[in-house]
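Listed below, chain by chain, are the residues.
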Amino acid sequence: EIMQLHHQKHHQTYITNYNKALEQLQDAVTKGDSASVVKLQSAIKFNGGGHINHSIFWNNLAPVREGGGEPPKGSLGWAIDTHFGSLEALVQKITAEGAAVQGSGWVWLGLDKELKKLVVETTANQDPLVTKGANLVPLLGIDVWEHAYYLQYKNVRPE
Amino acid sequence: MALRSVSKKSLGLGLGLGLAQLGHVRGLQSFSLPDLPYDYGALEPVISGEIMQLHHQKHHQTYITNYNKALDQLDQALAKSDSSSIVQLQSAIKFNGGGHVNHSIFWKNLTPIREGGGEPPTASLGWAIDKDFGSLEVLIQRVNAEGAALQGSGWVWLALDKELKKLSVETTANQDPLVTKGSALVPLFGIDVWEHAYYLQYKNVKADYLKNIWKVINWKYASEVYEKENP
């Protein structure tokens, strides 16, 4: 039920509103209407961010029978051990950060592609990971908006 | 919360030992969950009993628990003059304290239909609404639009600026109380638009929640608050 609502309603709404905002932006740019151009940035950031984040999110999840949950190996497994000590430590860090997000947002495992470092980051609302650093690449994100879990987990986000 | 005692260590003579030793930030007071003025199911069908119970017993209670904990930690940090921790704790105090403040107001902003929920405001508040918005319908439309447009979690408020003697519609993010939008602002009522406030019943359709909640808005209480500031 959550997956269907999340995909068909929430993600779709971000896309619909993103498209609408981009149309209005085109209009405003054509007319040289800077006030509107600037005003539209909030809707573009929020809805465009929602589209980006959720598009990534669907790829971050997989059914158990298709390998979901199987621990990382190879270079990523090695990098996790290097930067966090162990996979367990990483999971604990993400859980703590995700639980601590005040309001709506996301928790990410990111790669700083310049420093060649793994990081755990959070972003507010629908801010994409790049808003925390232009060199950050999302390896996986977890949606901690209440709509992502409430029907099943109610208030118990840590679950 | 009262300062139990403030004792200042005298400054070391010429040595600049400096830091005044603050006493504790509060005595034995802990904040606790206020009772709802009605049963959990009393706002149905507008807000389900399941939502009311979770919202009150879990969400509001958790804000209180974490608020008390943060205040304890603040107490200790003050005793040690640990400014780094004092500053670090402000986020938890703002968020959880704000959650407690906001929800305490919210329970009073709602009332069962049979106890007058939804009955339009009259007297001075009704008049002020007509003056500042044109009509109650316009106000409702404004509140619904602002609530729907809020990005992420937050609240939408009918505010009275007690200095300018003007009504306005404001929104705050997360658990920021209304005063963060202006120190002269008094909340006449707030509507929680965090997803937990409606999701189990309305799912993603926040607009339906906003459309329906007017049936249980406690205008009588809003009028009392208004009249207290406008005797």
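Cut-offs and rules
- Residues numbered from 1 in each chain as written.
- Chains lettered and ligands numbered in written order.
- Predicted model: local features only at pLDDT ≥ 70, side-chain atom pairs only at ≥ 80, totals over all residues.
- Heavy atoms only, no water.
- Pairing = 2+ DSSP bridges.
- Helix = DSSP H or I, 4+ residues; strand = E, 2+ residues; numbered from the N terminus.
- Axes fitted to C-alpha atoms, helices over the stretch in contact; angles between N-to-C directions.
- Contact = heavy atoms within 4.5 Å.
- Buried area = accessible area lost by both parts, 1.4 Å probe.
- Salt bridge = Lys/Arg side-chain N within 4 Å of Asp/Glu carboxyl O.
- Polar contact = N/O pair within 3.5 Å; in protein donor to acceptor, adjacent residues only side chain to side chain.
- UniProt positions renumbered as here; feature names shortened; annotations may be inferred.
- Parallel < 35°, antiparallel > 145°, perpendicular 65-115°, else oblique.
- Nonpolar A, V, L, I, M, F, W, Y, C, P; charged D, E, K, R; others polar.
- Patch = residues over 30% accessible without salt bridge, like charges linked within 9 Å, V, L, I, M, F, W, Y side chains within 5 Å.
- Areas by Shrake-Rupley, 256 points an atom, 1.4 Å probe, with all protein chains shown as cover.
- Buried < 20%, exposed > 50% of the residue type's maximum accessible area, 1.4 Å probe, protein only.
- Phe/Tyr/Trp six-rings, centres within 6.5 Å; stacked < 30°, edge-to-face > 60°.

### Things to note about the sheet that holds strand 3 (residues 185–192) of chain B
All names here are of chain B.
1) Next: The strand order across the open sheet formed by three strands is 2-1-3, and the pairing between neighbours is antiparallel. Pairing within the sheet leaves two strands with one partner each, and these edge strands are strand 2 (166–173) and strand 3. In this sheet, neighbouring strand axes are inclined to one another by 25 degrees on average, regardless of whether the strands run parallel or antiparallel.
2) Next: Here strand 1 (residues 154–161) pairs with strand 3 via seven bridges, running antiparallel. The partner of L158 across the bridge, within strand 3, is F189.
3) Next: Strand contacts of helix 4 (residues 136–149): strand 1, strand 2 and strand 3, with the helix running at about 15 degrees to strand 2, the strand carrying the most contacts.

### A few points about the environment of B:N230
Residue and element names in this part refer to chain B.
1) Next: Counting through the fold element by element, N230 comes out in the segment after helix 7 (219–229).
2) Next: Expressed as a C-alpha distance, the spacing of N230 and L125, which sit 105 residues apart in the sequence, is 9.6 Å.
3) Next: If sequence neighbours within four positions are ignored, N230 has contacts with L160 and K165.

### Observations regarding the interface of chain A and chain B
1) Next: With 18 residues of chain A in contact, the opposing surface of chain B contributes 18 residues.
2) Next: Roughly 1,800 Å² is buried in total at the junction of chain A and chain B, and carbon and sulfur atoms are behind 55% of that figure.
3) Next: Together, A:Q102, A:E146 and A:Y150 form the three largest contributors to the area buried by chain A at its contact with chain B, with a combined 34%.
4) Next: Residues A:K154 and B:E50 are paired through a salt bridge, measuring 4.0 Å at the closest nitrogen-oxygen approach.
5) Next: Where chain A packs against chain B, one counts nine residue pairs in polar contact (both at pLDDT 80 or more).

### Topic: the side chain of B:S48
1) Next: Mapped onto the elements, B:S48 comes out in the segment before helix 1 (49–79).
2) Next: Every residue in contact with B:S48, bar those within four places of it in the chain, is listed here: B:Y40 and B:Q201.

### Considering the UniProt feature "domain: Manganese/iron superoxide dismutase C-terminal" (unreviewed entry) in chain B
1) Next: On the UniProt side, "domain: Manganese/iron superoxide dismutase C-terminal" (unreviewed entry) is annotated at positions that read residues 122–224 of chain B here.
2) Next: The span residues 122–224 of chain B is 42% helix and 23% strand, and its two end C-alpha atoms sit 11 Å from each other.

### Brief notes about the packing of helix 3 (residues 123–133) of chain B against helix 7 of chain B
Residue and element names in this part refer to chain B.
1) Next: It is the contact of helix 3 with helix 7, at a shortest axis distance of 8 Å, that shows an interaxial angle of 85 degrees. When the axes of helix 3 and helix 7 are compared, the pair comes out roughly perpendicular. Contact residues: helix 3 offers A123, S124, L125, A128 and I129, while helix 7 offers W219, A222, S223, Y226 and E227.
2) Next: Broken down by class, the residue content of the contact of helix 3 with helix 7 amounts to seven nonpolar, two polar and one charged.

### Remarks on the UniProt feature "domain: Manganese/iron superoxide dismutase N-terminal" (unreviewed entry) in chain B
1) Next: Following the UniProt record, the feature "domain: Manganese/iron superoxide dismutase N-terminal" (unreviewed entry) maps to residues 30–110 of chain B here.
2) Next: Helix makes up 72% of residues 30–110 of chain B and strand 0%. Its end C-alpha atoms lie 26 Å apart.

### Topic: the sheet that holds strand 3 (residues 136–143) of chain A
Residue and element names in this part refer to chain A.
1) Next: Overall, antiparallel pairing links the three strands, which are arranged 2-1-3 in an open sheet. Edge positions in the open sheet fall to strand 2 (117–124) and strand 3, since each of these has one partner strand only. For this sheet, the mean inter-axis angle between neighbouring strands, taken without regard to orientation, is 25 degrees.

### Considerations on a nonpolar patch on the surface
Residue and element names in this part refer to chain A.
1) Next: A contiguous nonpolar patch, built from L76, L139, L140 and I142 and spanning about 260 Å² of accessible area, is present on the exposed surface.
2) Next: Note that L76 resides in helix 4 (residues 74–84).
3) Next: The exposure class of L76 is partly exposed, given its relative accessible area of 35%.

### Notes on the UniProt feature "domain: Manganese/iron superoxide dismutase C-terminal" (unreviewed entry) in chain A
1) Next: UniProt records the feature "domain: Manganese/iron superoxide dismutase C-terminal" (unreviewed entry) at residues 72–159 of chain A, using the numbering of this structure.
2) Next: Its end C-alpha atoms 22 Å apart, residues 72–159 of chain A is made of 33% helix and 27% strand.

### Let's talk about the packing of aromatic side chains
All names here are of chain A.
1) Next: In total, this model carries 16 aromatic pairs over all chains according to the counting rule given.
2) Next: The interplanar angle of 40 degrees and the centroid separation of 6.2 Å between the aromatic rings of F46 and W145 together place this pair among those described as tilted. Of this pair, F46 sits in helix 3 (residues 41–60) while W145 sits in the loop between strand 3 and helix 6 (150–153), placing them 99 residues apart in sequence.
3) Next: With relative accessibility at 13%, the residue F46 sits in the buried group.

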